[in-house]
Amino acid sequence: MSDKILLTADRTLTSDYHHNEFIGFGACAPPNVIPDWLYKWLFFPPIKTKDGIPVAAPYGLRKIEAQLLNEGFDVLTVDPDHLGKYIDEAKILGIHVMDPFGIGPASSTFAAILKKEPFLAQYFHILMNKPEIRKAKRRGLKIIVGGPGVWQFKYRPEFVKEHGIDCIIAGEAEKVVGKIFRAALNDDDPPQYYEVPIKETPSLEEIPEIVAPSINNLIEIGRGCCRGCKFCSVTLRPLRWYPYEKILREIDVTMRNKGGVCLHAEDVMLYGSKNTIPNDEKLLKLHELVVKKCDGMGWSHCSLATVAAKPKLFSKIAEIILQKQPWWGAEIGIETGSPKLAEKIMPAKAHPFKPEEWPEVVRSGMGLMHDNKLIPACTLIVGVPEETEEDLIKTIELMDDLKDVRSLIVPLFFVPMGRLKNEDWFKEAEVNELHQELLIKCLKHDLYWIDNLIDLSFSGKWYKYLLKPFYRLFVEIIRYKVKKAGIK
Ligand code: SF4
């Protein structure tokens, strides 16, 4: 057996989602109103491969690949359906996970409502049960798992044992993967669960640059968040922003696959800043540099507070981005419409505004996004332990104020994470009338805007005539089901 290391991720993570990162969220849902094969084709089709090697891979996996290559390991990133071609030569299989058991906030909410296992959990199981992996395991293959979803393995110890997972790495792993993979290659048992301590968090210089394209050209521009919301697992590690040159070099690598890029940070508006106030000069320069290089761009996340705090800066950024595209998207956390609850669970989310100003920050930020063609995919948290009826009423009122804002708003059942990790899960049995009212408001809001969003998503795309009718049909079936359920 050689010392080869294979890296992979399940099908729901190894897809380009028809070049739209947000379509990928469809993998959080369980089987539903259309056949599974059609759903897979619409929401997470297999990515192109050459000899079983995917043309792009999840960004986090690319970082680990780069780190291992830098340390001299023999590494290959392989599509999950082509592992059989390479696995006989491998001594270690590294697997990247996001939500392996479907118990993350979005998937567990859909699972509770539709009472079935989400696709992303199904496909993780399909990967782990592949006969070629089982066979390789029997002859001594080591399995090491990493990625943002590893916390879920603590709830599934039997699965870890049954599938022979040798090591689970939690946290930013660049500084530790070398020693862990080396131990595994030398047949020294790696630790079963390795939580990367703060002192092993990589500095900017220690974060390697990717060497092959990432899915949908997602490129990290920085790490960390200083807002410290209680329910969030992003730690309070310091903000680290990559210098322009590092970002541009990674764009050069990923743009081998052409298309636009997706800038990734917990709040893209804070690029280059030391606190919660955007740095005009750095943010503008970053966008000017990126727009020159790429056919377009999107953001992974941004906060309502930074947009509301700097409306002129936000409009200038929008002007730069809209030179090459009609709209762009980002994931946004609204979480609640209640100032009291905001103060309890996310006191710095509104900063530089006060927590009691949160609903106004949301209204103003969302209005600016609508006017400047940023389409937000927003989340609300339902069932936080400290939530009261008054909090829910405030959130319902906020939904009324947002009805004219082009957006998707998704309510998510509370999942114990971050500093609330010892609290209880919110269960569907606890859904009361106010929760129901809120869920229905969100559903109606999304069904109202979805046609517009589908049109915008496909505008200017050559394949719009092929794909668009299927998404429309999917939405029409949901509308029919909603009507049949008596929801008006
Ligand atoms: S929820 Fe967002 S703003 Fe709050 S700590 Fe997490 S990443 Fe930061």
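For clarity, every value in this text was computed on a predicted model and none was experimentally measured.

Parameters at a glance
- Residues numbered from 1 in each chain as written.
- Predicted model: local features only at pLDDT ≥ 70, side-chain atom pairs only at ≥ 80, totals over all residues.
- Heavy atoms only, no water.
- Patch = residues over 30% accessible without salt bridge, like charges linked within 9 Å, V, L, I, M, F, W, Y side chains within 5 Å.
- Areas by Shrake-Rupley, 256 points an atom, 1.4 Å probe, with all protein chains shown as cover.
- Salt bridge = Lys/Arg side-chain N within 4 Å of Asp/Glu carboxyl O.
- Lys, Arg positive; Asp, Glu negative; His and termini not counted.
- Charge placed at Lys NZ, Arg CZ, Asp CG, Glu CD.
- Helix = DSSP H or I, 4+ residues; strand = E, 2+ residues; numbered from the N terminus.
- Buried < 20%, exposed > 50% of the residue type's maximum accessible area, 1.4 Å probe, protein only.
- Pairing = 2+ DSSP bridges.
- Right-handed = clockwise from strand over helix to strand, strands pointing away.
- Axes fitted to C-alpha atoms, helices over the stretch in contact; angles between N-to-C directions.
- Parallel < 35°, antiparallel > 145°, perpendicular 65-115°, else oblique.
- Left-handed = near helix turned anticlockwise from the far one by under 90°.
- Contact = heavy atoms within 4.5 Å.
- Nonpolar A, V, L, I, M, F, W, Y, C, P; charged D, E, K, R; others polar.
- Domains from an automatic or database assignment.
- Buried area = accessible area lost by both parts, 1.4 Å probe.
- Core = buried A, V, L, I, M, F, W, Y, C linked by side-chain atoms within 4.5 Å.
- Near = heavy atom within 4 Å.
- Phe/Tyr/Trp six-rings, centres within 6.5 Å; stacked < 30°, edge-to-face > 60°.
- Lys NZ or Arg CZ within 6 Å of the ring centre and 35° of its normal.
- Expected span 1.5 Å × (residues − 1).

Description of a negative patch on the surface
A cluster of acidic residues, Glu-386, Glu-423, Asp-424 and Glu-430, forms a negative patch on the protein surface. Relative to the helices and strands, Glu-386 resides in the loop between strand S15 (374–382) and helix H15 (389–401). You can call Glu-386 partly exposed: its relative accessible area is 33%.

Quick look at the pairing of strand S6 (residues 142–146)
Judged by how many residues are buried, S6 sits mostly within the fold: five of five residues are covered. On S6, burial covers both faces: Lys-142, Ile-144 and Gly-146 on one face and Ile-143 and Val-145 on the other are all buried. Here five bridges tie strand S5 (residues 90–96) to S6, and the two strands are oriented parallel to one another. Across the sheet, the residue bridging to Leu-93 is Ile-143, located in S6. Note that the unit made of S6, helix H7 (residues 157–162) and strand S7 (residues 165–170) has a crossover that is right-handed.

What about the pattern of salt bridges?
Pairing between side chains becomes possible if they bear opposite charge and their charged atoms approach one another. Considering all chains together, one arrives at 31 salt bridges under this definition. As a salt-bridge pair, Glu-172 and Arg-240 come within 2.8 Å of each other at their nearest N and O atoms. Here Glu-172 is found in the loop between S7 and helix H8 (177–185), whereas its partner Arg-240 is found in strand S11 (residues 240–241), with 68 residues between them in sequence. Like Arg-240, Glu-172 is buried.

Quick word on the packing of H15 against helix H16 (residues 433–458)
Where H15 meets H16, the axes come as close as 10 Å, and the angle between the chain directions of the two elements is 15°. Classified by the angle their axes make, H15 and H16 are roughly parallel. Here the hand of the crossing between H15 and H16 comes out left-handed. Between H15 and H16, the residues in contact are Glu-389, Leu-392, Ile-393, Thr-395, Ile-396, Met-399 and Asp-400 and Leu-434, His-435, Glu-437, Leu-438, Lys-441, Cys-442 and His-445, respectively. Taken together, the residues of the contact of H15 with H16 sort by class into seven nonpolar, three polar and four charged.

A look at the domain arrangement of the protein chain
Taken domain by domain, the protein chain comprises domain 1 (4–200) and domain 2 (219–484). Here the C-alpha centre of domain 2 lies 26 Å away from the C-alpha centre of domain 1. Every contact between the two is made by 33 residues of domain 1 and, on the other side, 31 residues of domain 2. For the pair domain 1 and domain 2, the summed buried area comes to about 2800 Å², and 67% of that belongs to carbon and sulfur atoms. Considering only the side of domain 1, the residues that lose the most area to domain 2 are Phe-22, Val-33 and Glu-172, jointly responsible for 20% of the buried surface there.

Structural notes on the nonpolar core
Counting residues in hydrophobic clusters, the biggest one holds 80 residues, and the most contacted among them are Trp-299, Ile-334 and Met-366. Counting residues in each nonpolar core, the second largest holds 29 residues, with Tyr-86, Ile-133, Val-150 and Ile-165 among its members.

So, the site of the ligand
As a structural note, the neighbourhood of the ligand is formed by Cys-225, Arg-227, Gly-228, Cys-229, Phe-231, Cys-232, Val-234, Glu-266 and Lys-349. Residue classes in the shell around the ligand are distributed as five nonpolar, one polar and three charged.

What about the packing of aromatic side chains?
In total, this model carries 24 aromatic pairs according to the counting rule given. When the centroid spacing of 5.3 Å and the interplanar angle of 75° are considered together, the rings of Phe-44 and Tyr-123 count as edge-to-face. Of this pair, Phe-44 sits in the loop between helix H1 (36–43) and strand S2 (49–50) while Tyr-123 is found in helix H5 (residues 119–128), placing the two residues 79 residues apart along the sequence. Summarising the burial analysis for this pair, Phe-44 and Tyr-123 share the class buried. Through a chain of ring-to-ring contacts, the aromatic side chains of Tyr-39, Phe-43, Phe-44, Phe-119, Tyr-123, Phe-458, Tyr-471 and Phe-474 assemble into a single cluster. Above the face of the Tyr-242 ring, Lys-246 is positioned so that its terminal group lies 5.4 Å from the ring centre.

So, the sheet that holds strand S13 (residues 297–299)
As summarised here, the arrangement of the three strands in space is S9-S12-S13, forming an open sheet in which the pairing is parallel. Looking along the sheet, the strands with just one partner apiece sit at the ends: strand S9 (218–220) and S13. Taking each pair of neighbouring strands and ignoring which way they run, the sheet shows an average axis angle of 30°. Sheet topology places S9 next to strand S12 (residues 261–264); three bridges connect them, and they run parallel. Paired with Glu-220 across the two strands is His-264, which belongs to S12.

Thoughts on helix H2 (residues 59–70)
Helix length check: H2 (twelve residues) gives 16 Å between terminal C-alpha atoms against 16 Å at 1.5 Å per residue, within 8%. With nine of twelve residues buried, H2 lies mostly within the body of the structure. Where H2 is concerned, the buried positions are Tyr-59, Leu-61, Arg-62, Lys-63, Ile-64, Glu-65, Ala-66, Gln-67 and Leu-68. With its phi angle positive at about 90°, Gly-72 sits one or two positions after the end of H2.

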